[in-house]
Amino acid sequence: VGGPTATTTTATTMATTRRRSGGSSVSRQQQQQQQQRQQQAKHHHHQQEVHHTFPILPNAEIIMCCEELNIPLSEAELRAPTAPVMHMVYQHYIDLLCGISADELAAPHLSPFSSPEILEFPELHHDSLPRLMYYKALFRLMRVVGVADFGLGDVNSPTYRRTRRNLSALINFAKFREERIATYTEEAVKTDELFEQKQALLIKHQEHAGALASLKARRAAEEPRARECIEQSRVLETEVLQANKKQAALQSEIREVTAADADVVGKCGEVKLELHNVKQDVSRLRSQIVEDPAKMHQLIADMKASVAAERELIACANAKSVSLQARLNVLAALDKDLAECHELLEQCEREAAKLRDVDAERKAYTTNIDATHSTLRDLDANKQRCVHAIASMEQKIERGRAAAAERKRDAQQQLADARREKMDANKRGLANSTAVNQNEITDRHLAAKLEQLKQNHDVEMRALRAKVDAMYSAVQQYHTDLFNAMATAS
């Protein structure tokens, strides 16, 4: 239909009819052209529907999968779908795959369109807003599962062929989601751990940066004092060098003065010894008085002259001793000043050591900050590797479909065995009422436990909903690329 031969035949027929029927041929030509366009559109639409990224499941498998997902749907409803039934079925899939319950869709205050800034009277749209939210969630879900031409007619006027295709796409995506949820959970946990590590490292980095800033401020505050201490130490070093030079010069003088003092002391001792000898001689001479007074007077005069000379020598020695004592006092004062200079120099050295310690601490903090930056870069690289690993896992989905089909057949066999076991258990239960009562108690307990687990699962799913939304876009891009590749290959 709609090929080149059909177009040529139609044109020839139209020309013959135009020649035979005259004015009425125009309307017939328009009708035929309209029918041709409709047929071409249907043919093109049919060709677009042939290529899918998912298999079209048989009715029995669709019904079985819906029963496993607790979605009420019979084969008669599948073969002759109605708007209420499909609305209910699609609502269950929205709740299962998107995590949006019917109550959340029916809450008008949760709609982004319920704001008074958008709608002047939102209460007038109390019924239309939930339906708008329902269609928005449903259209988004169908685009993600690979049905690009989903429209309102699939809900309001459903057909068997398109309904079967849509449910096949939803079931295929539900199986894919069940297979990938464990891997996604592991990657999400790893991502959260890496994010927590990154936050901890950022906190440490901020602490180290604060400590470094405080050290820099402290160093900047102590910089003038340090420069002043350095200048003082330089001045003191210069003074100490000059004092050492003076001390070296004075040491030689002290040695000379000490030697001269020793000589003077020696001479004084000799003079005292001579004086003692003279006194002994005087005593001895007094005992030997001579008769000649002139000689005696001459001897006494000589002795007096000798004594006067010795006294002058003693006076000179005492003067030198006083001068040397003054020099010794000056040297003692100089030694005291030198000791004070040494103390100031030691204080300067201690301040310089403190400055070196502060500089070492600053270098250590700088090294820690560099190590923190390196760790952050490693964490970012690990995050990128995780993202690439997720992308490579998405590429392996197609290769895992065969294994998934095998597992599905095993699961069906196990389900059949379980159903047979259930029938046997029911037969045994009819024979044993006590066991039935116990089973009912167990069922109620399991139901309560299942309800608790379902509530916990809902809480976890709401927590993961934001992360699943990010996966939806990646899966949609994957389906689009796969559809284009299949279209190109066909």
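Thresholds, definitions, all that
- The written sequence of each chain sets the order in which its residues are numbered from 1.
- In keeping with the predicted nature of the model, local features appear solely for residues at pLDDT of at least 70, side-chain atom pairs appear and are counted solely at 80 or more, and the whole-chain, interface and lining totals rest on all residues.
- Remark: hydrogens and water are excluded; side-chain values derive from all non-hydrogen atoms of the structure.
- Comment: elements are numbered from the N terminus, with helices defined as DSSP H or I runs of at least four residues and strands as E runs of at least two.
- Only protein chains enter the accessibility calculation, which uses a 1.4 Å probe; a residue is then buried when its area is under 20% of its type maximum, exposed when over 50%, and partly exposed in between.
- Whether two residues touch is decided by their heavy atoms; if any such pair falls within 4.5 Å, the residues are in contact.
- For every accessible area listed, the method is Shrake-Rupley and the probe measures 1.4 Å; residues are considered covered only by the protein chains on display.
- Residues forming no salt bridge and having over 30% relative accessible area are the ones grouped into patches, like charges within 9 Å of each other and nonpolar side chains (Val, Leu, Ile, Met, Phe, Trp, Tyr) within 5 Å.
- In the sections that follow, a salt bridge refers to a side-chain nitrogen of Lys or Arg positioned within 4 Å of a carboxyl oxygen of Asp or Glu.
- Positive residues here are Lys and Arg, negative ones are Asp and Glu, while His and the chain termini are left out of the count.
- Charge placement uses NZ in Lys and CZ in Arg. For Asp and Glu, CG and CD serve respectively.
- A helix is expected to reach a length of 1.5 Å times the quantity of its residues less one.
- Every axis in this analysis is a line fitted to C-alpha atoms, fitted for helices over the stretch in contact. Angles between the N-to-C directions lie between 0 and 180 degrees.
- Oblique is the label for any angle not covered by the other classes, which are roughly parallel (under 35 degrees), roughly antiparallel (over 145) and roughly perpendicular (65 to 115).
- Each helix crossing is assigned a hand: it is left-handed if the near helix lies turned anticlockwise from the far helix by less than a right angle, otherwise right-handed if that turn is clockwise.
- When residue character is reported, Ala, Val, Leu, Ile, Met, Phe, Trp, Tyr, Cys and Pro are called nonpolar, Asp, Glu, Lys and Arg charged, and the others, Gly included, polar.
- Each pair of aromatic rings taken from Phe, Tyr and Trp, with Trp reduced to its six-membered ring, is defined by centres within 6.5 Å and is described as stacked if the planes are under 30 degrees apart, edge-to-face if over 60, and tilted in the remaining cases.
- Two cysteine sulfurs form a disulfide in these notes if their separation is within 2.5 Å.
- For the purposes of this section, nonpolar cores are sets of buried Ala, Val, Leu, Ile, Met, Phe, Trp, Tyr and Cys residues that join through side-chain atoms within 4.5 Å.
- Per-residue confidence from the predictor is reported as pLDDT, a score between 0 and 100.

**Focus on the overall build of the protein**
For step 1, the next point in the chain: A count of helical and extended segments in the protein gives 12 helices and zero strands.
For step 2, the next point in the chain: Its helices and strands taken in sequence order, the protein reads α-α-α-α-α-α-α-α-α-α-α-α from the N to the C terminus.
For step 3, the next point in the chain: Every one of the 490 residues in the protein was classed for burial, and the buried ones make up 23%.
For step 4, the next point in the chain: Sequence separation of at least 24 residues holds for 73% of the intrachain contacts in the protein that already meet a minimum separation of 6.
For step 5, the next point in the chain: Of the roughly 33,300 Å² that the protein leaves accessible, carbon and sulfur atoms contribute 57%.

**Description of a negative patch on the surface**
For step 1, the next point in the chain: Judged by side-chain charge, Glu237, Asp335, Asp337, Glu340, Glu343, Glu346 and Glu349 come together as a negatively charged surface patch.
For step 2, the next point in the chain: Take the negative patch: its biggest share by element is six residues, from helix H10 (residues 293-395).
For step 3, the next point in the chain: Considering the arrangement of structural elements, one finds Glu343 in helix H10.

**Observations regarding the pattern of salt bridges**
For step 1, the next point in the chain: The full count for this structure, using the stated rule, is 10 salt bridges.
For step 2, the next point in the chain: Here Asp149 ties to Arg162 by a salt bridge, and the two come within 3.4 Å at their closest N and O atoms. Of this pair, Asp149 sits in the loop between helix H7 (128-145) and helix H8 (153-156) while Arg162 sits in helix H9 (residues 160-287), and the two are 13 residues apart along the sequence.
For step 3, the next point in the chain: Taking the relative accessible area as the measure of exposure, Asp149 reaches 29% and is therefore partly exposed.
For step 4, the next point in the chain: Judged by its relative accessible area of 12%, Arg162 is buried.
For step 5, the next point in the chain: Residues joined in a network through salt bridges with shared partners are Asp149, Asp154, Arg162 and Arg165.

**Side note on H7**
For step 1, the next point in the chain: The terminal C-alpha atoms of H7, which comprises 18 residues, lie 26 Å apart, in line with the 26 Å expected from a rise of 1.5 Å per residue.
For step 2, the next point in the chain: Of all the residues in H7, the buried ones are Leu129, Pro130, Met133, Tyr134, Tyr135, Ala137, Leu138, Leu141, Met142, Val144 and Val145.
For step 3, the next point in the chain: Where H7 ends, the next residue or the one after it, Gly146, has phi of about 110°, a positive value.

**So, the packing of helix H5 (residues 83-98) against H7**
For step 1, the next point in the chain: Close contact between H5 and H7 brings their axes to 10 Å; oriented N to C, the two are set at 65°. It follows that H5 is roughly perpendicular to H7 by the angle criterion. Considering only the axes of H5 and H7, their crossing is left-handed. Between H5 and H7, the residues in contact are Met86, His87, Tyr90, Gln91, Tyr93, Ile94, Leu97 and Cys98 and Arg131, Tyr134, Ala137, Leu138 and Leu141, respectively.
For step 2, the next point in the chain: Partitioned by chemical class, the residues of the contact of H5 with H7 number 10 nonpolar, two polar and one charged.

**Examining the packing of aromatic side chains**
For step 1, the next point in the chain: For the coordinates displayed, the defined rule picks out five aromatic pairs.
For step 2, the next point in the chain: Ring geometry for Tyr90 against Phe150: centres 5.6 Å apart, planes inclined by 90°, an arrangement best described as edge-to-face. Here the residue Tyr90 occupies a position in helix H5, and Phe150 occupies one in the loop between H7 and H8, the gap between them amounting to 60 residues. Just as Tyr90 is buried, Phe150 falls in that class too.
For step 3, the next point in the chain: For the ring pair Phe173 and Phe176, a centre distance of 6.0 Å and an interplane angle of 45° mean the geometry is tilted. With Phe173 and Phe176 both in helix H9 and three residues apart, the pair spans about one turn of that helix.

**Brief notes about the state of the cysteines**
For step 1, the next point in the chain: For the coordinates displayed, the defined rule picks out zero disulfides.
For step 2, the next point in the chain: Unpaired in this structure, Cys316 has its nearest cysteine sulfur neighbour in Cys268, at a distance of 10.0 Å.
For step 3, the next point in the chain: You can call Cys316 partly exposed: its relative accessible area is 46%.

**Some points on helix H3 (residues 59-68)**
For step 1, the next point in the chain: A large share of H3 lies buried, amounting to seven of its 10 residues.
For step 2, the next point in the chain: Looking only at H3, the buried set comprises Asn59, Glu61, Ile62, Ile63, Met64, Cys65 and Cys66.

**With respect to the side chain of Asn172**
For step 1, the next point in the chain: Within the secondary structure, Asn172 is located in helix H9.
For step 2, the next point in the chain: Beyond its immediate chain neighbours, meaning those up to four positions away, Asn172 contacts Phe54, Pro55 and Arg401.

**Things to note about the nonpolar core**
For soluble globular proteins, nonpolar side chains are generally found buried alongside one another.
For step 1, the next point in the chain: By size, the foremost hydrophobic cluster in this structure holds 42 residues, and its most contacted members are Tyr90, Tyr93, Leu167 and Leu170.
For step 2, the next point in the chain: Ranked by residues supplied to this core, first place goes to H7 with nine residues.
For step 3, the next point in the chain: Those residues in contact with Tyr93 that sit more than four places away from it in its chain are Cys66, Leu69, Ile71, Cys98, Leu141, Leu167, Leu170 and Ile171.

**Overview of the confidence of the model for the protein**
For step 1, the next point in the chain: Looking at the protein, the pLDDT average stands at 77 and 78% of residues meet or exceed 70.
For step 2, the next point in the chain: Confidence drops under pLDDT 50 across residues 1-26; counting only partners more than four residues distant or on other chains, this segment forms 16 contacts.
For step 3, the next point in the chain: pLDDT under 50 marks residues 43-50. Its contacts with residues more than four places away, or in other chains, come to eight contacts.

**Observations concerning unusual backbone geometry**
For step 1, the next point in the chain: A positive phi angle, near 60°, is found at Asn70, a position not held by glycine.
For step 2, the next point in the chain: Topologically, Asn70 is positioned in the loop between H3 and helix H4 (75-79).

**Side note on the side chain of Arg177**
For step 1, the next point in the chain: In this structure, Arg177 sits in helix H9.
For step 2, the next point in the chain: Buried within the structure, Arg177 lacks any salt-bridge partner; Glu178 is the closest side chain of opposite charge, at an N-O distance of 7.6 Å.

**Considering the environment of Val475**
For step 1, the next point in the chain: By the secondary structure assignment, Val475 is in helix H12 (residues 433-489).
For step 2, the next point in the chain: Val475 gets classed as buried once you look at its relative accessible area, which sits at 4%.
For step 3, the next point in the chain: As for Val475 and Arg143, which are separated by 332 residues in sequence, their C-alpha atoms are 9.9 Å apart.
For step 4, the next point in the chain: When neighbours within four sequence positions are excluded, Val475 is seen to be in contact with Val144, Phe173 and Phe176.

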